[in-house]
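Spelled out, the chains give:
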There are 2 protein chains.
Amino acid sequence: MSYVLGIDGGGSKTTCILMNCSRQLIGRGEAGASNYQSIGIEAAKKSIETAIKESLIASNMIQNIETQNTQVKAICLGLAGVGRPKDIEVVKNIIQDLRDNGSLPITWNLQPHNIIICHDALIALVGGIGHNVGIVVAAGTGSIIFGRNSQGKTKRVGGWGHILGDEGSAYKIAIAGMQAALKSYDGREINSCLLADFQQHLELANIEDLVDVIYRRGWDVKKIAALAPIVDRAAAKGDQVANKIIDDAVEELFKATSTVIEAIFQPGEALEVVTTGSVWGSSGIREKFVNAMVEIFPGVEVILPRFEPAYGACLQALGSLI
Amino acid sequence: MSYVLGIDGGGSKTTCILMNCSRQLIGRGEAGASNYQSIGIEAAKKSIETAIKESLIASNMIQNIETQNTQVKAICLGLAGVGRPKDIEVVKNIIQDLRDNGSLPITWNLQPHNIIICHDALIALVGGIGHNVGIVVAAGTGSIIFGRNSQGKTKRVGGWGHILGDEGSAYKIAIAGMQAALKSYDGREINSCLLADFQQHLELANIEDLVDVIYRRGWDVKKIAALAPIVDRAAAKGDQVANKIIDDAVEELFKATSTVIEAIFQPGEALEVVTTGSVWGSSGIREKFVNAMVEIFPGVEVILPRFEPAYGACLQALGSLI
């Protein structure tokens, strides 16, 4: 029997799925980060190797990974921040090393076109929808909107990171919430419960101590993004300032998605839009987005992810075998 | 003869002015950063010591600092980011050390109330206006609006740093410019010359390489803020997107200043507002701000700084002698 490997490599976790040629999930494994730009090539390689190994162990067929062999005919890696030819070369070398060093009980049977290195938005799209036509609206710590039409044409909007973009992301919602709280404290903004809510959640004696939290404690983007639900809950309570922030986030996500639709799809074309990421955990945000979407684009259906990105990577790998 | 020292301590430079009791500038010296939170207490102490020494050398009266003595009766230090009692304690200890170690040819004759440690916005106000009533609208890399009325009541708006605030600052204008350029590139925003302008200025093969500049080359807030004139020039050329960014910045600075006026001044009260910082180097921004100000607050006169912050620190020090 022959198999494919689909890998979703991110800044905090790497997931690998082993799939057979009938699209059946055989094994699934996880490991640490594999963003080589942050953690270095050796650490990224180790994470990818561990995730593959774990997927082999998890598969029922392989009881003892030392002695068994699995024939792998295609591999697809979707990796955050990998887009430029230089990045792709680095990741291809990682795969070559894993093949050469023999540390995995795998019989590699790969043609060059069966090694696919792509942006993580593509595998999120393919996994989320279950095939490779549609749009993924990813809004977690960061945000990116990525679409592919039936002719294979793709369009990306956003994904510029927390300083240059990430509109509608959890990071941006959290930051907007804190900025509004401080403006309210200054007297520049109408009163908002965000002031008390952030103070209470972060256990601050005074809202001025936010400065300590953000600049001196070295909070990273992920940790700040995790504060977004404070804004979401304040909006649900009816806070006007928080609702404005949520509406702005929905507007940004809507505008970005519209741009992708208008760029590569026909007017009125039936199409699925999959939402992924923590921001959609807020029922308020998702409902507002869905309402705006179906009103302007009647052919659009907004869905929840059918499969995870690593599964999408497997489908991409299978696609290369045809 | 007796003197006072006024020190303006910042994140990249420390300035010291030696003044006599007739408000005459006797000497002026500069040294490196004295923000102890970034560079440590010893380095901050060294910068303050050097700036004082340089001001003594620069004064004509002291030809040989080894043998001459200057009697200092008051000292005021205005320091960025110094507000909490803990910070003030640290800076007081630095002054105490400088007095004790005898490295400066100064006869210290200080009562506790003649040692003034304050926020740098206060000395910018006092220096900029020439006395301690009015408002300073500081918009450089960051932004803060600070006012003091004739009863001594103060009000601060903004100054929350580049992540939590700094609306209307050069950093925020530069970031908004790059975000707009990328939105324009994505097709989410109308065409703007900002796209070509940033690409050309930063010598990028492709605007996507902005990601490299901002995230991988480790550009700090100051270096990013220095890109604000690109937006300013685009606005002057008539670019609609750039003009919106400039208008938003003016609106933020206006709103923050209005908040200070309404908090501590009487309606219609005559008052001077001094503008400091690189943002005001743009004639477009300053003109828009002045027009909005005098329209809504007829008693307000917007002025350029009369003296520098270190001079303001001297005036504060002199004030403690009365």
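Calculation notes
Residues numbered from 1 in each chain as written. Chains lettered and ligands numbered in written order. Predicted model: local features only at pLDDT ≥ 70, side-chain atom pairs only at ≥ 80, totals over all residues. Heavy atoms only, no water. Phe/Tyr/Trp six-rings, centres within 6.5 Å; stacked < 30°, edge-to-face > 60°. Lys NZ or Arg CZ within 6 Å of the ring centre and 35° of its normal. Buried < 20%, exposed > 50% of the residue type's maximum accessible area, 1.4 Å probe, protein only. Helix = DSSP H or I, 4+ residues; strand = E, 2+ residues; numbered from the N terminus. Pairing = 2+ DSSP bridges. Least-squares fit on C-alpha atoms with pLDDT ≥ 70 in both. Contact = heavy atoms within 4.5 Å. Axes fitted to C-alpha atoms, helices over the stretch in contact; angles between N-to-C directions. Buried area = accessible area lost by both parts, 1.4 Å probe. Salt bridge = Lys/Arg side-chain N within 4 Å of Asp/Glu carboxyl O. Polar contact = N/O pair within 3.5 Å; in protein donor to acceptor, adjacent residues only side chain to side chain. Nonpolar A, V, L, I, M, F, W, Y, C, P; charged D, E, K, R; others polar. Core = buried A, V, L, I, M, F, W, Y, C linked by side-chain atoms within 4.5 Å. Domains from an automatic or database assignment. Left-handed = near helix turned anticlockwise from the far one by under 90°. Lys, Arg positive; Asp, Glu negative; His and termini not counted. Expected span 1.5 Å × (residues − 1).

Novice: How do you make sense of the packing of aromatic side chains when you look at a structure like this?
Specialist: Any pair of aromatic rings gets described here by the distance separating the centres and the angle formed by the planes. Going through the model one piece at a time under the given rule, you end up with eight aromatic pairs over all chains. Lying across the ring of A:W160, A:R156 places its NZ or CZ 4.3 Å from the centre.

Novice: Looking at this model, I keep getting lost on the pairing of strand β8 (residues 143-148) of chain B. Mind explaining?
Specialist: Sheet faces and side chains relate simply in a regular strand, where the side chains alternate between the two faces. Residues and elements named next belong to chain B. Burial analysis of β8 places six of its six residues in the buried class, which makes it a mostly covered element. Of the two faces of β8, the one carrying S143, I145 and G147 and the one carrying I144, F146 and R148 are both buried. With six bridges joining them, strand β7 (residues 134-139) and β8 adopt antiparallel strand pairing. Along β8, the bridge assignment pairs G134 with R148.

Novice: Could you clarify how one ought to interpret the relation of the copies chain B and chain A in this entry?
Specialist: The relation between the two copies of this chain is a rotation about an axis and a shift parallel to it. Mapping chain B onto chain A is achieved by rotating through 180° and translating by 0.0 Å along the same axis, at an RMSD of 0.0 Å. Taken together, these values place the two copies in the relation of a two-fold axis. Among all residues of chain B, the one whose C-alpha sits closest to the rotation axis is B:I163, at a distance of 4.7 Å. Looking at the interface residues of chain B, 100% of them are also at the interface in chain A, so both copies use one shared face.

Novice: Would you explain the sheet that holds β8(B) in this entry?
Specialist: Strands in a sheet are paired, the pairing made by backbone hydrogen bonds, and the direction either parallel or antiparallel. All names here are of chain B. The strand order β9-β8-β7-β10-β11 describes an open sheet built from five strands, whose pairing is mixed. Of all strands in the sheet, those bounded by a partner on one side alone are β9 (154-158) and β11 (300-303). Adjacent strand axes in the sheet meet at a mean angle of 15°, parallel and antiparallel pairs treated alike. The sheet strands contacting helix α12 (residues 283-296) are β7, β10 (271-276) and β11, and the helix crosses β11 at an angle near 165°.

Novice: It is not clear to me how the interface of chain B and chain A should be interpreted in this structure. Could you clarify?
Specialist: How big an interface is tends to be stated in terms of the accessible area lost upon association of its parts. Opposite the 36 residues of chain B that make contact, chain A presents 36 residues. Counting the surface chain B buries against chain A, the share from its top three residues, B:W160, B:L164 and B:R188, is 27%. Connecting chain B to chain A are four salt bridges. Where A:E252 meets B:K183, a salt bridge forms, and the shortest distance between an N and an O atom there is 3.0 Å. At the junction of chain B with chain A, the criterion picks out 22 residue pairs in polar contact (both at pLDDT 80 or more). Of all the secondary structure elements, the ones that give two or more residues to the side of chain B that touches chain A are β9, α5 (161-164), α6 (170-186), α8 (210-216) and α11 (240-264) of chain B. Here the side of chain B that touches chain A gets nine residues from one element, more than from any other, and that element is α6(B). For the side of chain B that touches chain A, the residue count by class is 14 nonpolar, nine polar and 13 charged.

Novice: Got a minute to help me understand the nonpolar core in this structure?
Specialist: General note: in soluble globular proteins, nonpolar side chains tend to be found buried as a group. Counting 59 residues, the largest nonpolar core has B:I135, B:I173, B:M178, B:L194, B:F198, B:L210 and B:F289 as its most contacted members. If one sorts the elements of this core by residue count, α11(B) sits on top with twelve residues. With residues near it in sequence (within four places) discarded, B:L194 still touches B:G177, B:A180, B:A181, B:I230, B:V231, B:A234, B:D239, B:V241, B:A242 and B:I245. By size, the runner-up hydrophobic cluster in this structure holds 58 residues, among which are A:I175, A:L202, A:I214 and A:F265.

Novice: For this particular structure, what's the right way to read the sheet that holds strand β10 (residues 271-276) of chain A?
Specialist: All names here are of chain A. Pairing is mixed across the open sheet formed by five strands, whose spatial order is β9-β8-β7-β10-β11. Each edge of the open sheet is held by one strand with a lone partner, namely β9 (154-158) and β11 (300-303). Averaged over all adjacent pairs, the angle separating strand axes in this sheet is 15°, with direction ignored. Its contacts with the sheet place helix α12 (residues 283-296) against β7 (134-139), β10 and β11, and it is angled at close to 165° to β11.

Novice: It is not clear to me how the side chain of B:S59 should be interpreted in this structure. Could you clarify?
Specialist: All names here are of chain B. Its place among the elements puts S59 in the loop between α2 (41-58) and β4 (70-79). The class of S59 is buried, set by a relative accessible area of 1%. Those residues in contact with S59 that lie beyond four places of it in its chain are L18, I26 and G27.

Novice: How should I be thinking about the domain arrangement of chain A in this particular structure?
Specialist: All names here are of chain A. Domain boundaries assigned for chain A yield domain 1 (2-130 + 307-319) and domain 2 (132-304). Once you take the C-alpha centre of each, domain 1 and domain 2 turn out to be 30 Å apart. Across the boundary between the two partners, domain 1 contributes ten residues, which contact 15 residues of domain 2. Where domain 1 abuts domain 2, roughly 900 Å² becomes buried across the two surfaces, and 75% of that area is made up of carbon and sulfur atoms. Of all residues in domain 1, A121, L125 and I129 give up the largest surface area on contact with domain 2, accounting jointly for 52% of the area buried on that side. For the interface between domain 1 and domain 2, the tally reads zero salt bridges. The tally of links from domain 1 across to domain 2 stands at one residue pair in polar contact (both at pLDDT 80 or more). Ranked by residues supplied to the side of domain 1 that touches domain 2, first place goes to helix α4 (residues 120-129) with seven residues. Residues belonging to the side of domain 1 that touches domain 2 are distributed by class as follows: six nonpolar, four polar and no charged.

Novice: Would you take a moment to explain the environment of A:I214 for this structure?
Specialist: Its location among the elements puts A:I214 in helix α8 (residues 210-216). Overall, the relative accessible area of 4% leaves A:I214 in the buried class. Each C-alpha atom, one on A:I214 and one on A:I224, is 8.1 Å from the other, the two residues being ten residues apart in sequence. If sequence neighbours within four positions are ignored, A:I214 has contacts with A:M178, A:W219, A:I224, B:I163 and B:L164.

Novice: What exactly am I supposed to notice about the packing of helix α6 (residues 170-186) of chain A against helix α7 (residues 194-201) of chain A here?
Specialist: Angle between the axes and distance between the axes are the two parameters that describe a pair of packed helices. All names here are of chain A. Their axes nearest at 8 Å, the elements α6 and α7 cross at an angle of 115°. Judged by the sense of rotation from one axis to the other, the crossing of α6 with α7 is left-handed. Here α6 contributes A174, G177, M178, A180, A181, S184 and Y185 to the contact with α7, which in turn contributes L194, L195 and F198.

Novice: How should I be thinking about the side chain of B:D166 in this particular structure?
Specialist: Residue and element names in this part refer to chain B. Tracing the backbone shows D166 in the loop between α5 and α6. One buried charged residue, D166, remains without a salt bridge, the closest side chain of opposite sign being K172 at 6.6 Å. Among the polar contacts listed, one links the side chain of D166 to the backbone nitrogen of S143, at a separation of 3.0 Å. Excluding anything up to four places from it in sequence, D166 contacts T141, G142, S143, G159, W160, G161 and K172.

Novice: Looking at this model, I keep getting lost on the environment of B:G81. Mind explaining?
Specialist: By secondary structure assignment, the location of B:G81 is in the loop between β4 and α3 (85-101). What B:G81 contacts, discounting residues up to four positions off in sequence, is A:R216, B:Q37 and B:D87.

Novice: Got a minute to help me understand α2(B) in this structure?
Specialist: Residues spaced three or four apart along an α-helix point in a common direction, a consequence of the helix completing one turn every 3.6 residues. For α2(B), spanning 18 residues, the distance from its first C-alpha to its last is 26 Å, which sits close to the expected 26 Å at 1.5 Å a residue. Taken together, the buried positions of α2(B) are B:A44, B:K45, B:S47, B:I48, B:E49, B:A51, B:I52, B:S55 and B:L56.

Novice: What is the right way to read the environment of A:A236 from this model?
Specialist: Inspection of the secondary structure puts A:A236 in helix α10 (residues 228-236). When the C-alpha positions of A:A236 and A:S283 are compared, they lie 9.5 Å apart, and in sequence the two are 47 residues distant.

Novice: I tried to follow α6(B) on my own but got confused; where do I start?
Specialist: Residues and elements named next belong to chain B. The first and last C-alpha atoms of α6 sit 24 Å apart over 17 residues, in line with the 24 Å expected at 1.5 Å per residue. Where burial is concerned, most of α6 is hidden: 14 out of the 17 residues are buried. Phi turns positive, to about 95°, at G187, one or two residues after α6.

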